[in-house]
Amino acid sequence: MSYPSSELVIDPVLIRKHDVSGPRYTSYPTADRFVEAFAEPELRQWLGKRNIGGISQPLSAYVHIPFCNTICYYCACNKVITRDRTKSAKYIKYLQKELALVRPLLGADRKLCQLHWGGGTPTFLQREEMRALMDALDATFQRSADAEVSLEVDPRRVEAGTMEFLAGLGFNRVSIGVQDFDAAVQQAVHRIQSEEVTRRVIEEARRSGFRSVNLDLIYGLPKQTLDSFNRTLDKVLGLEPDRIALYSYAHLPKAFKPQRRIAEADLPSAEGKLQIMTLAIGRLTRAGYLYIGMDHFARPGDELAVAQSQGRLQRNFQGYSTRPESDMLGFGVSAIGRIGPCYYQNAKRLDDYYAVLDAGRLPVVRGIELTSDDLVRRAVIQALSCHFRVSIESIELAYLIDFRKHFEAEMQDLRRLAVEGLVELAPDWIVVTPKGRLLVRRICMVFDRYLREREARASYSKVI
């Protein structure tokens, strides 16, 4: 019952059967379970507990930069579309305010093992704004020597010399949005981006010392065909990224306004989308990329693949992480953080975010404190999504439960999935088979108590 960590079998029949809507489990409980009863006082309380007894976890930080020059119709991120550069200058001042409020609450242990700027488009910022933000972060935290410092980049908005500048600020990993190189698809989603522009940014990043380059792709976009995506994959593989994220497009126009500009008639059929996904996975794995899990692929020597092979892989709000399990502080509008057994989220609208900071308060609007049951379920879901296996004994020892008694209903569901070949059950292990790996979100959902209590899943994207 031991499989190579990247082994994968695509079974179209099982995929069609189990392609239901479900969470990506960047947290458990998922963000839709957060409540307004958890706010600034609760966050301050948990920050105060971090250093008690000297057992605090390592620290990581996420900074949300919401601004974009133009709108991409597929996008479901929290963003502000503007060409007004004064807006980002104001935003940096408020990020500095937020960091200044958090600084005295951190205590002595401020070592940062991971920092990520997401968006929106972080490279919307002017260079002096980026430097001011990094200075404020460095005044708040101590970056460890081996810290992973990453950001998301739109290569259409990156002038020559920018990647070298970012390397000078300490960035060492970059994620570049591509989605698709086909002209008709780019037109349909309002994102025109050439292979040449993308290549220039990648080459400058590598020359400047970035140690890992990730490319984001999306399958299921309007006008996409098997042939067109095959040509995109030719170009992507020619760029030789270290990692590739292959996301499924979730068309939810009721939830995300920009998607209303996409003509549903232009979307590939469910069968066509499955064929595109199958083609992409086949090509990426034949090209030497290892399937890490939930949409992600990496070269064998990349830190992500190494962390998985060594059992160190984690999953957080940025997806898979090579760093140890850590407390994460979220800064900026809508940012989500995690402290001990708690999650919290900042105000989602800029005006609200500014107003709370003007009042001298942290801009937390909701969150959740995990119960003992939440914690054990989170551990099981982490093990499944990162390593495709759960040691029943280790969960019992860590959380002082009788696993089969605690998860009696879940084990019945797993036995049904075992009959279909998605998992294998042994006296002390639950193992996701190569056939079940593409459906690991579906297997994780078995352990989601909130989903078991409320079966409506319309607000989630499909598993495939």
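Use the structure listed above.
Bear in mind the structure is a predicted one, so any value in this text is a computation, not a measurement.

Participant: Summarise the overall build of the protein chain; cite the residues concerned and give the values.
Facilitator: Regarding its fold elements, the protein chain presents 17 helices and 19 strands. By the compact-globule yardstick of 23 Å for 464 residues, the protein chain fits well, its C-alpha radius of gyration being 22 Å. Taken along its principal axes, the extent of the C-alpha atoms in the protein chain is 60 × 55 × 40 Å. When burial is assessed residue by residue, the protein chain has 57% of its 464 residues classed as buried. For the protein chain, contacts bridging at least 24 residues in sequence account for 74% of all contacts bridging at least 6. Counting only carbon and sulfur atoms, one obtains 52% of the accessible surface of the protein chain, whose full area is about 18,800 Å². The averaged location of the 57 negative side-chain charges in the protein chain is 3 Å from the averaged location of its 65 positive side-chain charges.

Participant: I'd like a description of the pattern of salt bridges, backed by residues and values.
Facilitator: According to the stated counting rule, one finds 29 salt bridges in the structure shown. Residues Asp-327 and Arg-50 are paired through a salt bridge, measuring 2.8 Å at the closest nitrogen-oxygen approach. Here Asp-327, found in strand S13 (residues 327-331), pairs with Arg-50, found in the loop between helix H2 (40-49) and strand S1 (59-65); they are 277 residues apart in sequence, far enough to count as distant. Between Arg-452 and Glu-410 there is a salt bridge, with its nearest N and O atoms 3.7 Å apart. Here Glu-410 lies in helix H15 (residues 408-419) and Arg-452 lies in helix H17 (residues 449-453), a separation of 42 residues in the sequence. Relative accessible area serves as the criterion here: at 29%, Arg-452 is assigned to the partly exposed category. Put simply, Asp-373, Asp-374, Arg-377, Glu-410, Asp-413, Arg-416, Arg-449, Arg-452 and Glu-453 are held in one network by salt bridges that share partners.

Participant: Give me the pairing of S13: which residues, what numbers.
Facilitator: Most of S13 sits out of view: 5 of its 5 residues are buried. Burial along S13 is two-sided: the face carrying Asp-327, Leu-329 and Phe-331 and the face carrying Met-328 and Gly-330 are both buried.

Participant: Can you tell me about helix H7 (residues 195-207), naming the residues and giving the values?
Facilitator: Taking 1.5 Å per residue, 13 residues should reach 18 Å; H7 reaches 18 Å between its end C-alpha atoms and fits that length. Buried within H7 are the following residues: Glu-195, Thr-198, Val-201, Ile-202, Glu-204 and Ala-205. Turning to H7, the residues buried within the fold contact strand S5 (142-153), helix H5 (162-169), strand S6 (173-179), strand S7 (212-219) and helix H8 (226-239). Once H7 finishes, Gly-209 follows within two positions and takes phi at roughly 105 degrees, a positive value.

Participant: Explain unusual backbone geometry residue by residue, including any values.
Facilitator: For the bond running from Tyr-28 to Pro-29, omega is -5 degrees, close enough to zero to count as cis. Examined against the element boundaries, Pro-29 turns out to sit in the loop between helix H1 (12-18) and H2. Between Gly-119 and Gly-120 the backbone carries a cis peptide bond, its omega angle lying at 15 degrees. By secondary structure assignment, the location of Gly-120 is in the loop between strand S4 (111-119) and helix H4 (127-140). Phi is positive for Lys-223, which is not a glycine, with a value near 70 degrees. Position of Lys-223 relative to the elements: it lies in the loop between S7 and H8. Look at Leu-400: it is not a glycine, yet its phi comes out positive at around 55 degrees. Topologically, Leu-400 is positioned in the loop between helix H13 (392-399) and helix H14 (403-406). Assessed through its relative accessible area of 77%, Leu-400 is described here as exposed.

Participant: Lay out the side chain of Gln-345 in plain terms, naming residues and giving numbers.
Facilitator: Within the secondary structure layout, Gln-345 lies in strand S15 (residues 342-346). Given the relative accessible area of 6%, Gln-345 is considered buried. Within polar-contact distance, the side chain of Gln-345 engages the side chain of Arg-366 at 2.6 Å.

Participant: Before we move on, could you go through the environment of Ala-145 and cite the residues and values that matter?
Facilitator: Within the secondary structure layout, Ala-145 lies in strand S5. Residues Ala-145 and Val-356, 211 residues apart in the sequence, show an inter-C-alpha distance of 34 Å.

Participant: Before we move on, can you summarise the packing of aromatic side chains with the specific residues and values?
Facilitator: The full count for this structure, using the stated rule, is 15 aromatic pairs. Seen in terms of ring centroids, Phe-34 and Tyr-343 are 5.9 Å apart; in terms of plane orientation they differ by 15 degrees. Their pairing is stacked. In this pair, Phe-34 is assigned in the loop between H1 and H2 and Tyr-343 in strand S15, connecting sequence segments 309 residues apart. Each member of the pair, Phe-34 together with Tyr-343, is buried. For Arg-389, the ring lying beneath its charged end belongs to Trp-429, and the centroid distance is 4.3 Å.

Participant: An account of the environment of Gly-170 is requested, with residue identities and associated values reported.
Facilitator: Mapped onto the elements, Gly-170 comes out in the loop between H5 and S6. With relative accessibility at 23%, the residue Gly-170 sits in the partly exposed group. As for Gly-170 and Ile-71, which are separated by 99 residues in sequence, their C-alpha atoms are 29 Å apart. Once residues within four sequence positions are removed from consideration, Gly-170 is found in contact with Arg-143 and Val-149.

Participant: Give a description of the sheet that holds strand S17 (residues 389-391) that names residues and reports values.
Facilitator: Spatial strand order, S17-S19-S18: 3 strands in an open sheet with antiparallel pairing. If you trace the sheet from one side to the other, it starts and ends with S17 and strand S18 (423-425), each paired once. On average, adjacent strands in this sheet sit at an angle of 10 degrees to one another, irrespective of strand direction. Alignment of S18 against strand S19 (residues 429-432), held across 3 bridges, turns out to be antiparallel. Note on S19: the bridge partner recorded for Val-423 is Val-432.

Conventions adopted
Residues numbered from 1 in each chain as written. Predicted model: local features only at pLDDT ≥ 70, side-chain atom pairs only at ≥ 80, totals over all residues. Heavy atoms only, no water. Helix = DSSP H or I, 4+ residues; strand = E, 2+ residues; numbered from the N terminus. Rg over C-alpha atoms; globule rule 2.2 N^0.38 Å. Buried < 20%, exposed > 50% of the residue type's maximum accessible area, 1.4 Å probe, protein only. Contact = heavy atoms within 4.5 Å. Areas by Shrake-Rupley, 256 points an atom, 1.4 Å probe, with all protein chains shown as cover. Lys, Arg positive; Asp, Glu negative; His and termini not counted. Charge placed at Lys NZ, Arg CZ, Asp CG, Glu CD. Salt bridge = Lys/Arg side-chain N within 4 Å of Asp/Glu carboxyl O. Expected span 1.5 Å × (residues − 1). Polar contact = N/O pair within 3.5 Å; in protein donor to acceptor, adjacent residues only side chain to side chain. Phe/Tyr/Trp six-rings, centres within 6.5 Å; stacked < 30°, edge-to-face > 60°. Lys NZ or Arg CZ within 6 Å of the ring centre and 35° of its normal. Pairing = 2+ DSSP bridges. Axes fitted to C-alpha atoms, helices over the stretch in contact; angles between N-to-C directions.

Any functional reading would require information that these geometric values do not contain.
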